[in-house]
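Chains, contacts and geometry: an overview
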Amino acid sequence: MINMRVPLLLLAAYLSCASAVLEVDDGPDDVVEGWNAWSDCTKPCGNGGITRRDKYCPHMNGGPLWKCGYMSQSCNVKSCQDPFANTEYSECSATCGSGSKEVYTKDAKKWKTIYCATQSCNLSLSLAAVGGKIDVVFMVDSNSYVGGMNWDITKQFVVDVTNALDVSDDTGAVRVGVVNYATFVQNAVELGDYQSKADLQTQILAMPYQAGSSLAYDAIDSMRAMFSARGRDDATRMAVLVTNNGMEKHFDWTAAAAEKARADFINLFVIGTCRDEPRESSGAGISAVPTANAVVTGEVIWYNFIVPLRSPPRFAETISQRVDENKLKTVSSKPLSSYYRLVDNYNDLQTLTDVTAGRIYEQDISPSQAHMEPLNTEGWGDWSTCSATCSHGWQQRKKVCFAGDYYTVCGIRKASCNILPCVDPFRGVEWSPCTTTCGGGVRDRYANDTDGSDGYQQMYCSAQSCNLASSSEATDVVFGLSGSYQCGDLGFESNKQFAMDIVSGCDLTNDRLRFGVMSYGTDTDVAVPCGGYTSKEDLLTSIDEMSFAAGSVNPVGAIGEITNMFAQGGRSDARKIVFIFINGRSGNFPASEATEVMATARKAGLEIYVIAIGNQVDQDMVSAIVSQPASEHVLAVSTYRDLATYTDTTIAQMTGGNIPAEPQDLSNLPYGGWGGWSACTQTCGDGRQTRNKFCDKGTGEFYRCSRQTSSCNSIMCDDLFYGREWSSCSQTCGRGGLRTREAANSVEGFQRIRCGMQSCKKVSVNEETDLIFALGGSRSAGTDGWAISQQLVTDIVNGLELSGGKMKLGLESFSNSYEVAVPLGQYTTKTDFIEDVWDIDYPAGGASVVEAVSGIVDMMKANGRDDARKIAFIIIDGETTHADGLEEVLGEAKDLDIDLFVVGVGERANDSAIIQVAGGESSVLAAENFNLVPQFTDYLVDFATTTGGAHRKGKLFPPSGSEGSIPGSGWHEWHDCNTTCGFTGKQRRYKYCNQSPNTFTKCYTSMASCNTIPYPYHGSKWSECSKECGGGVRSRISSDYETERIKCHNQPCAPYNGNCNVDIIFVLDSSGSIGVYNWFVTKQFVIDVILGMNANMNMTRVGVVVYSTTTCREIELGAYTTDTLEKAVCDQTHCWSVCGRCCCPSCLGRPASGWPQ
């Protein structure tokens, strides 16, 4: 038999103990059996707020209800200092289709940004499925795990759903109610209790955040009560529950409440939000810690019996909250595919706006999208604009953190930027093209100043092998070029060139190799995404156009950006290689920050090579980012110039080729030395130009260590002949032609030079020969000397038979520098070449044989034939200038086996530099002046051909008896009369004197009267003679009707018949004093004499000479017929002007000199 005494005794003892601890509390009069309402929260905000609800039980003996238990829960777990108090969200940026809005604290250091208007703009909903009316109640959970910002997102979600509903007022097709629940349940909007949709949405947005527990069963009961009190009997009933709580404790109450709701024909659409990652609470989470006999679920503390309370400590540990999907599915209506949704976070609620609106209308609508990106990104943001464009600016970026209810700036980092001098002589100056396309060359650029005194920069280029390298496997390569201020502009340009040479050395046709390029300083800049180019040329252009940032050293940021580049454009099956350039210490970006970034990079399969330049590289940073083994992934060089020597090595590492044992040797490439000449200070007169000698700083940048100055454009600004065209040569060959040109004002002077001096028999070229002419344009040569040099080249070329193609010609001019006029062989015909000879401008500067030989060497290197004889004719006037470096360029000429021959003009024709250039006096032709130079034509023609070989060993002399001047001085012909009649006519003639052997200028002027014809009878015609012989009369009438008469035909009527030949010339004075009347009397006298002679038998021949200011033959001796002789005499005018222009048409074009006076 069981002994019941012991249990009964224990129960008695327990009840006795309970009576000792508790006073029996009959409670207030309004208590009911079971659980009663929650008490007010002990605190309005902050940690430690508690609310309780009591449970009352009946006495065993039937007495009044007594308090037999209670529940205690946290409440108002939110900060008492709301930073967003009295602030409002901005207007939504859209009315549909998804916009955003934000709210800031008054100090703008904290903010929230949420999506809004996420309903579709063209959403079509029909009331057919719901019978035309819908009552819907939203139950929104505002427990302490939601957080203030997520609470704002929840409210906006409800507003966006109502935007899609047919809600007008309480009589609309759709009526809405809203329940806000946590520990307490608040009917925020009674069903249909609003004036308009705008009023409804205002009430929704005004709902307070409770930050308590999550009592879903109370919310469901409140929703049921709202439908019972205000629901329409003929309307479809829908409830929407939005929660993030797992319903861990007393879920049976929640399930029972949901079952009752469904029994009331209320459809339950449940939306669960779960938090995938833990977050830290800073007092906004659980704020009460139970005693040992209490159980914690969420934030609800359950006490089965009365137990002591302790003050809860601050709760600041990592917490996590996830919904229990099975329990949410139990609560929701069926089928689950229509009445249950789960999103990862509150932000994704906005994807369900259309879905929720459709479900209220009993329509299935797909989500607007799978995921909503956060409007705020936690972590470091973008860098601000630099505070200065040059001379060391600053920029900053901010770190954004989510503080549970809002975003705030939790870190600021500053860094240098634009550490460039504001005055940079190289900024904006283009680099020259590379001197080669492969195998190693140079590029340079001079400072952007007037005289180049700030130096120039040079870097190696095209250092890759001439054989393209191919990769055996798919490989994606990204260059991370350092743009830090420690790098400097020249260093950054060298980085770019190194990358360009690597690209140039690779075969990209099979798409195995693909490139991307970015630069970094404080910030990063992607110039070419992975594979983001159309051709190799497009890629090279993009690299070449990259700009220098001049910021800090931030390789960690670079690696992070490169990792993103591979993620966005890299190939999953390709080898992933990174070349990151580092040239200094990254003080603002310590290596300790690389851990997370490098973990992501290595997880992505990046193989990272570090190119370390200089001795200031942060070794800790290199160790943190380089792939292992480090010995195979680090390339360390002392200077940027050294980078180029490892071009082929880097290509081999990238493509899997054979790695060279030694770096490339580029020491033979030119660098430093004399720079180019500055622009001339004047376009005429006596201009000056300078050039600088540059010495290497050891970095590829050169400073001025010497300077030279020379004359230039030393042509008289009023030079009469510069730019004037020469006439054609009067004789094409045979040493006797002349060419002339007049001054701009023709009466001021003219120039004449010899031409066609070559033999008329062209000399054949029997072996391949490359011949270059170098014309010296010193100021002492003058415009006529320059033209003689051009003519010498013309005559030499015309004396050669070039049709066989064995000889190739080239042409340059030189003064202070050389200029190639015709590259060797770059012409189509002999005529084209000669035209180019006459197109060269006269430099009028110095006479640098160094420049002459340098140009010849460069032309031979560029286009000379290896097996051809190489000759150069240098024509130079005056003492040579700027002979520095002569031995070096002569050594290059000797290496190329160029035979240099010099034509020296003037007193300095045999100076030491000229003889050194020619290799001795035997290869120098000296002339006292330019007028003697044409005499050397045939000698040089012979020398240029195989037949001239015999002349090479003996000294050459010009032919004896040569003249140094060309006739052309003295009086020249008369110019036209300035009138045709009257007494004021004047005409001039000029005497020209030698200014130089070939230049003649006006030195005297002579003047005379002309055309002094009286006006009344000017142009009047004489009548025929009244008799044919024996004496008659001729007359003419003036303009004022006066009559003038002369006698005519005074010869005997029986002509004189001689029996001997007679030549007779009449010489007639036609000066102004004769007068017009007497002039006609004179002519009539001549006619009468002729008529009286026996001219018909050809025994007598007649000629007529008329003279006045000038003399001319009006009728050549015997040059007439009997019928025309009289008419010829009659037609003679009063010749008071220059013969051949006014009155002597028969001698047009004949010079006055040389005729009988």
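All values derive from a computational prediction rather than experimental measurement.

Overview of the state of the cysteines
Counted under the stated rule, the structure contains 11 disulfides. The disulfide that involves C390 links it to C422, with 1.9 Å between the sulfurs. Measuring handedness by torsion sign, the sulfur bridge of C390 and C422 sits at about 90° and is right-handed. Residue C390 is found in the loop between β16 (379-380) and β17 (393-402), and its partner C422 is found in the loop between β18 (407-417) and β19 (441-446); the two are separated by 32 residues along the sequence. On the basis of relative accessibility, which here comes to 43%, the residue C422 falls in the partly exposed class. Two residues share a disulfide in this structure: C434 and C461, whose sulfurs sit 1.9 Å from each other. Between C434 and C461, the disulfide has an S-S torsion of 90° and is therefore right-handed.

Quick notes on the pattern of salt bridges
This model, assessed by the stated rule, comprises 22 salt bridges. With a closest N to O distance of 3.0 Å, D152 and K112 form a salt bridge. With D152 in helix α2 (residues 148-163) and K112 in strand β5 (residues 110-116), this pair connects stretches of sequence that are 40 residues apart. On the basis of relative accessible area, D152 is assigned to the buried category, the value being 12%. Look at K112 and you get buried, because its relative accessible area is 9%. Here R232 ties to D135 by a salt bridge, and the two come within 2.8 Å at their closest N and O atoms. With R232 in the loop between α4 (216-230) and β9 (236-243) and D135 in strand β6 (residues 134-141), the pair connects residues that are 97 residues apart, well separated along the chain. For D135, a relative accessible area of 0% puts it in the buried group.

A word on helix α9 (residues 488-504)
Relative to the 24 Å expected for 17 residues at 1.5 Å per residue, α9 spans 24 Å between its end C-alpha atoms, a close match to the ideal helical length. For α9, the buried fraction is high: 15 of the 17 residues fall into the buried class.

Concerning the sheet that holds β17
Pairing is antiparallel across the open sheet formed by five strands, whose spatial order is β4-β5-β18-β17-β16. Edge positions in the open sheet fall to β4 (99-104) and β16, since each of these has one partner strand only. As defined by bridge partners, β5 adjoins β18 across two bridges and the pair is classed as antiparallel. Bridge pairing in β18 links K110 to T408. The sheet strands contacting α2 are β4, β5, β17 and β18, and the helix crosses β5 at an angle near 25°.

Some points on the packing of aromatic side chains
Here the distance between the centres and the angle between the planes together describe a pair of aromatic rings. Per the stated rule, a full pass over the model turns up 18 aromatic pairs. Over the face of the ring belonging to W394 we find K414, whose NZ or CZ atom lies 5.6 Å from the ring centre. Above the plane of the ring of F943 lies R869, whose end atom (NZ or CZ) is 5.7 Å from the centre.

What about the side chain of S214?
Take S214: it is sitting in the loop between α3 (197-205) and α4. On the accessibility criterion, S214 (14% relative accessible area) is buried. In this structure S214 touches D141, N143, Y181, A182, T243 and N245, once residues within four positions along its chain are discounted.

With respect to helix α12 (residues 594-603)
Along α12, the positions that sit buried rather than exposed are A594, M598 and A601. Axial view of α12: buried residues confined to an arc of 55°, hence all on one face. Looking at α12, the residues exposed on the side facing more than 90 degrees away from the buried face are T595, E596 and K603. Looking at the packing, one finds that the buried side of α12 touches α11 (555-569), β25 (606-613) and α13 (619-625). Immediately downstream of α12, the backbone of G605 shows phi near 85°, a positive value.

Observations concerning the sheet that holds strand β7 (residues 174-181)
Read from one edge to the other, the open sheet built from six strands follows the order β8-β7-β6-β9-β10-β15, with strand pairing classed as mixed. In this open sheet, the two edge strands, each paired with only one partner strand, are β8 (185-189) and β15 (340-343). Averaged over all pairs of adjacent strands, the angle between their axes in this sheet comes to 20°, without regard to strand direction. Here strand β10 (residues 266-273) pairs with β15 via four bridges, running parallel. Its bridge partner being in β15, I271 is matched across the sheet by R341. The strands that α4 touches are β6, β7, β8, β9 and β10; relative to β7, the one it contacts most, it runs at about 150°.

Description of the packing of α9 against helix α10 (residues 536-544)
The N-to-C vectors of α9 and α10 enclose an angle of 175°; their axes lie 9 Å apart at closest approach. Classed by the angle they form, the pair α9 and α10 counts as roughly antiparallel. Of the residues in α10, those in contact with K496, M500, V503 and S504 of α9 are K536, L539, L540, I543 and D544. Considering only residue class, the contact of α9 with α10 consists of five nonpolar, one polar and three charged.

Comments concerning unusual backbone geometry
Trans peptide bonds make up the majority, and among non-glycine residues the majority have a negative phi. With an omega of 5°, the peptide bond between K334 and P335 qualifies as cis. Take P335: it is sitting in the loop between α6 (325-331) and α7 (336-339). With an omega of 0°, the peptide bond between Q628 and P629 qualifies as cis. Here P629 is to be found in the loop between α13 and β26 (634-637). In this structure, N86 takes a positive phi of about 60° despite not being glycine. The phi torsion at A550 lies on the positive side, around 55°, for a residue other than glycine. By relative accessible area, A550 is classed as buried at 0%.

Some details on the pairing of strand β31 (residues 749-755)
On any regular strand, side chains alternate: one points to one face of the sheet, the next to the other face. In terms of burial, β31 is largely enclosed, as five of its seven residues are buried. Relative to β31, strand β30 (residues 737-742) runs antiparallel, the two sharing six bridges. Looking across to β31, one finds that E742 is bridged to F750.

Examining the confidence of the model for the protein
Chain-level pLDDT for the protein is 79 on average; 79% of the residues reach the 70-or-more range. For the stretch residues 1-24, pLDDT sits under 50, and the model shows four contacts to residues farther than four places along the chain or on other chains.

Some points on empty space enclosed by the protein
In the structure shown here, the tally under the stated rule is three cavities of 30 Å³ or more. Roughly 70 Å³ of volume is contained in the largest cavity. In terms of lining, the largest cavity is formed by M459, Y460, S494, Q497, F498, D501, Y640, R641, L643, A644 and T647. Listed by contribution, the elements that provide at least two residues to the lining of the largest cavity are β20 (456-461) and α9. The element that contributes the greatest number of residues to the lining of the largest cavity is α9, accounting for four residues. In terms of residue class, the lining of the largest cavity is built from six nonpolar, three polar and two charged.

Notes on the side chain of T243
Here T243 is to be found in strand β9. Exposure remark for T243: the relative accessible area of 0% places this residue in the buried category. A polar atom in the side chain of T243 sits 2.7 Å from the side chain of D141. Residues contacting T243, with those up to four places away along its chain left out, are D141, Y181, S214, I271, G272, T273, V323, L328 and Y346.

Reading guide: rules and limits
- Residues numbered from 1 in each chain as written.
- Predicted model: local features only at pLDDT ≥ 70, side-chain atom pairs only at ≥ 80, totals over all residues.
- Heavy atoms only, no water.
- Disulfide = S-S within 2.5 Å.
- Helix = DSSP H or I, 4+ residues; strand = E, 2+ residues; numbered from the N terminus.
- Buried < 20%, exposed > 50% of the residue type's maximum accessible area, 1.4 Å probe, protein only.
- Salt bridge = Lys/Arg side-chain N within 4 Å of Asp/Glu carboxyl O.
- Expected span 1.5 Å × (residues − 1).
- Pairing = 2+ DSSP bridges.
- Contact = heavy atoms within 4.5 Å.
- Axes fitted to C-alpha atoms, helices over the stretch in contact; angles between N-to-C directions.
- Phe/Tyr/Trp six-rings, centres within 6.5 Å; stacked < 30°, edge-to-face > 60°.
- Lys NZ or Arg CZ within 6 Å of the ring centre and 35° of its normal.
- Arc of directions from axis to C-beta.
- Parallel < 35°, antiparallel > 145°, perpendicular 65-115°, else oblique.
- Nonpolar A, V, L, I, M, F, W, Y, C, P; charged D, E, K, R; others polar.
- pLDDT = per-residue confidence, 0-100.
- 1 Å grid on protein atoms, 1.4 Å probe; cavity = no way out; pocket = protein on both sides within 12 Å on 5 of 7 lines; lining within 4 Å.
- Points joined across faces, edges and corners; volume = space filled by probe spheres on them.
- Polar contact = N/O pair within 3.5 Å; in protein donor to acceptor, adjacent residues only side chain to side chain.

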